[in-house]
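Inside the fold
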Amino acid sequence: MKVIITAQVHDYLIDQLEQRGHHVIYQPTITYEELAAQIEDVTGLVVTTRIKIDKNLIDKAPLLKWIGRMGSGMELIDVDYANAKGIRCVSSPEGNRNALAEPASGSLLNLMNHISSSFNEIKQGKWLRYPNSGIELTNKTVGIIGYGNTGSAFASLLKSFSVTVLAYDKYKFGFGKEYIKEASLEQVCRYADVISFHIPLTDETFHLADEMFFSSLKQNPWFLNTSRGKTVKQTDLINALKKNWIAGAALDVLENEKFETYSPQEKEQFEWLLNQPNVILTPHIAGYSHEAFYKMAKVLIEKLFPVN
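Now for a look at the structure at hand. (Residues numbered from 1 in each chain as written. Predicted model: local features only at pLDDT ≥ 70, side-chain atom pairs only at ≥ 80, totals over all residues. Heavy atoms only, no water.)

**Overview of the layout of surface pockets**
Selection rule: Here a cavity denotes a set of grid points, spaced 1 Å apart and computed over the protein atoms alone, in which a 1.4 Å probe fits but from which it cannot get out, and a pocket denotes an open set meeting protein on both sides within 12 Å along at least five of seven lines; residues with an atom within 4 Å of a point are reported as lining. Grid points are joined across faces, edges and corners, and a volume is the space filled by probe spheres set on the points. We count a stretch as a helix when DSSP gives it H or I for four or more residues in a row; a strand needs E for two or more, and each element gets its number in order from the N terminus. Each residue gets one label: Ala, Val, Leu, Ile, Met, Phe, Trp, Tyr, Cys and Pro are nonpolar, Asp, Glu, Lys and Arg are charged, and the others, such as Gly, are polar.
Of the voids in this model, the second largest pocket is the one considered here, and its volume is about 290 Å³. Looking at the second largest pocket, it is lined by 17 residues, and the ones nearest its centre are Asn-120, Leu-274, Gln-276, Pro-277 and Val-279. Where the lining of the second largest pocket is concerned, the elements lending two or more residues are helix H5 (93–112), helix H6 (115–123), helix H11 (264–274) and strand S12 (279–281). For the lining of the second largest pocket, the element with the most residues is H6, which contributes five residues. Looking at the lining of the second largest pocket residue by residue, the class counts come to eight nonpolar, eight polar and one charged.

Take a look at the structure:
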């Protein structure tokens, strides 16, 4: 039973696989082409977001029994085709949902209280108190789009701020309780002071945040995206900032995260975002923590090898 691990993982995952009789090949920097050349006798794959597990790759793996995704989001795996071939596909969003919710909360508080922007001013010799007065999160209305593992974890962290959460999820119902209200997308856009994306990347969610979306916002909300960069049309987000349709943006993901491939227009847009005091950019670190590193491995093992 041969398993290839294509990403950095906690030692716990390797140990547990070996204890179950698997021969583990740990290659966290393996390329698509290298994997294709080695996959013929593989029974298990552990992946993240680096390599696309498509029909071509699956067809080269006649012995493949399972694919384990570290974290959430299965858009790089052809799940339907894998399932049709009898291959189990599991992910581990339960392992890193809190590790995503905490940075989302931190970025929001940072934006609302001008923490990063005022620090940059201090580095320039400016000590400006009144212009950097914050806005309190307490008693605000927070819109959450996508109420799965990460959306619900974010909502839980917000409870102490006495917020009202308006949560929209096209495929989930019956989760409303106390301060969490089920809402339509229109209601989120109309009433939310904060809007946070927690959705997978699918054909439905591609560029969900476009000009029509941003122009429908009524409360000049802060906008957070810790899900997938391509759920937001970056040109339209920039336009929304320029037109003051949103108060600011915290983006942990970008539409294109490969800087070396940027076109002149993409470079210009990126530089513009970097220079805005009401924009925070982080390198897709929400969901990554030392604790989540272990918990994702543990969840994956529990799903792949359930104890009856």
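**Section: the sheet that holds strand S4 (residues 66–69)**
Under the convention used in this document: When DSSP finds two or more bridges between two strands, those strands count as paired. Only C-alpha atoms enter the line fits that serve as axes; for helices the fit covers just the stretch in contact. Angles between N-to-C directions range over 0 to 180 degrees. We call two residues in contact when some of their heavy atoms are within 4.5 Å.
As summarised here, the arrangement of the five strands in space is S2-S1-S3-S4-S5, forming an open sheet in which the pairing is parallel. Two strands bound the open sheet, and with one partner strand each, they are strand S2 (23–26) and strand S5 (88–91). Within the sheet, the average angular offset between the axes of one strand and its neighbour, ignoring direction, is 15°. In this sheet, S5 lies alongside S4 in parallel orientation, the contact comprising four bridges. The partner of Arg-69 across the bridge, within S5, is Ser-91. Across the sheet, helix H12 (residues 290–304) touches strand S3 (44–47), S4 and S5, and the angle it forms with S5 is around 150°.

**Here we look at the side chain of Asp-252**
Threshold: Exposure is judged per residue with a 1.4 Å probe applied to protein chains only, and the accessible area is read against the type maximum: over 50% gives exposed, under 20% gives buried, and values in between give partly exposed. This count recognises Lys and Arg as positive and Asp and Glu as negative, with His and chain-terminal groups excluded. One speaks of a salt bridge when a side-chain nitrogen belonging to Lys or Arg is within 4 Å of a carboxyl oxygen belonging to Asp or Glu. Polar contacts, as used here, are pairs of N or O atoms within 3.5 Å; protein pairs need one atom able to donate a hydrogen and one able to accept it. Residues neighboring in sequence count only if both atoms are side-chain atoms.
Structurally, the position occupied by Asp-252 is in the loop between strand S11 (248–251) and H11. Among buried charged residues, Asp-252 stands out as having no salt bridge; its nearest opposite-charge side chain is Arg-228, 7.8 Å away. Within the local environment of Asp-252, its side chain forms a polar contact with the side chain of Thr-282, the two groups lying 2.7 Å apart.

**What to know about the packing of aromatic side chains**
Heads up, the condition is: The criterion for an aromatic pair is that two Phe, Tyr or Trp rings (for Trp, the six-membered ring) have centres within 6.5 Å, with stacked assigned to planes under 30 degrees apart, edge-to-face to planes over 60 apart and tilted to the rest. Charge-over-ring placement is defined geometrically: NZ (Lys) or CZ (Arg) within 6 Å of the ring centre, and within 35 degrees of the ring normal.
Following the criterion strictly, the structure yields eleven aromatic pairs and no others. Between the aromatic rings of Tyr-262 and Phe-270, the centroid separation amounts to 6.0 Å while the plane-to-plane angle is 80°, which identifies the pairing as edge-to-face. The exposure class assigned to Tyr-262 is buried, which follows from its relative accessible area of 10%. Looking at Phe-270, the relative accessible area reads 15%, which means it is buried. Between the NZ or CZ atom of Lys-242 and the centre of the ring of Trp-272, over which it lies, the distance is 5.2 Å.

**Observations regarding the side chain of Asp-193**
Inspection of the secondary structure puts Asp-193 in the loop between helix H8 (185–191) and strand S9 (194–197). It is Lys-140 that comes nearest to the buried, bridge-free Asp-193 among opposite-charge side chains, at 6.1 Å. If near-sequence neighbours (up to four positions away) are discounted, Asp-193 is found in contact with Lys-140, Thr-141, Gln-219, Pro-221 and Trp-222.

**Observations concerning the pattern of salt bridges**
For the coordinates displayed, the defined rule picks out eight salt bridges. Ionic pairing is found between Glu-204 and Lys-170, a salt bridge with its closest N-O pair at 2.4 Å. Of this pair, Glu-204 sits in the loop between S9 and helix H9 (211–215) while Lys-170 sits in the loop between strand S7 (164–168) and strand S8 (180–182); the two residues are 34 residues apart in sequence, bridging distant segments of the chain. A salt bridge links Glu-302 to Lys-298; the shortest N-O distance between them is 2.5 Å. On the criterion of helical spacing, the pair formed by Glu-302 and Lys-298 is a turn pair, its members being four residues apart in helix H12. Judged by relative accessible area, Glu-302 falls into the partly exposed class, the value being 42%. One salt-bridge network, in which partners are shared between bridges, spans Lys-55, Asp-59 and Lys-85.

**Structural notes on the packing of H5 against helix H7 (residues 149–157)**
Definition in use: The scheme is simple: roughly parallel for angles under 35 degrees, roughly antiparallel for over 145, roughly perpendicular for 65 to 115, oblique for anything else. For any helix crossing, the convention is left-handed if the near helix is rotated counterclockwise from the far helix by under a right angle, and right-handed if that rotation is clockwise.
Contact geometry of H5 with H7 gives a least axis separation of 8 Å together with a crossing angle of 50°. Of the possible angle classes, the one that applies to H5 and H7 is oblique. The crossing of H5 and H7 is right-handed. Between H5, through Pro-93, Glu-94, Arg-97, Asn-98, Leu-100, Ala-101, Glu-102, Ala-104, Ser-105 and Leu-108, and H7, the contact on the second element is made entirely by Asn-149, Thr-150, Ala-153, Phe-154 and Leu-157. For the contact of H5 with H7, a count of residues per class yields eight nonpolar, four polar and three charged.

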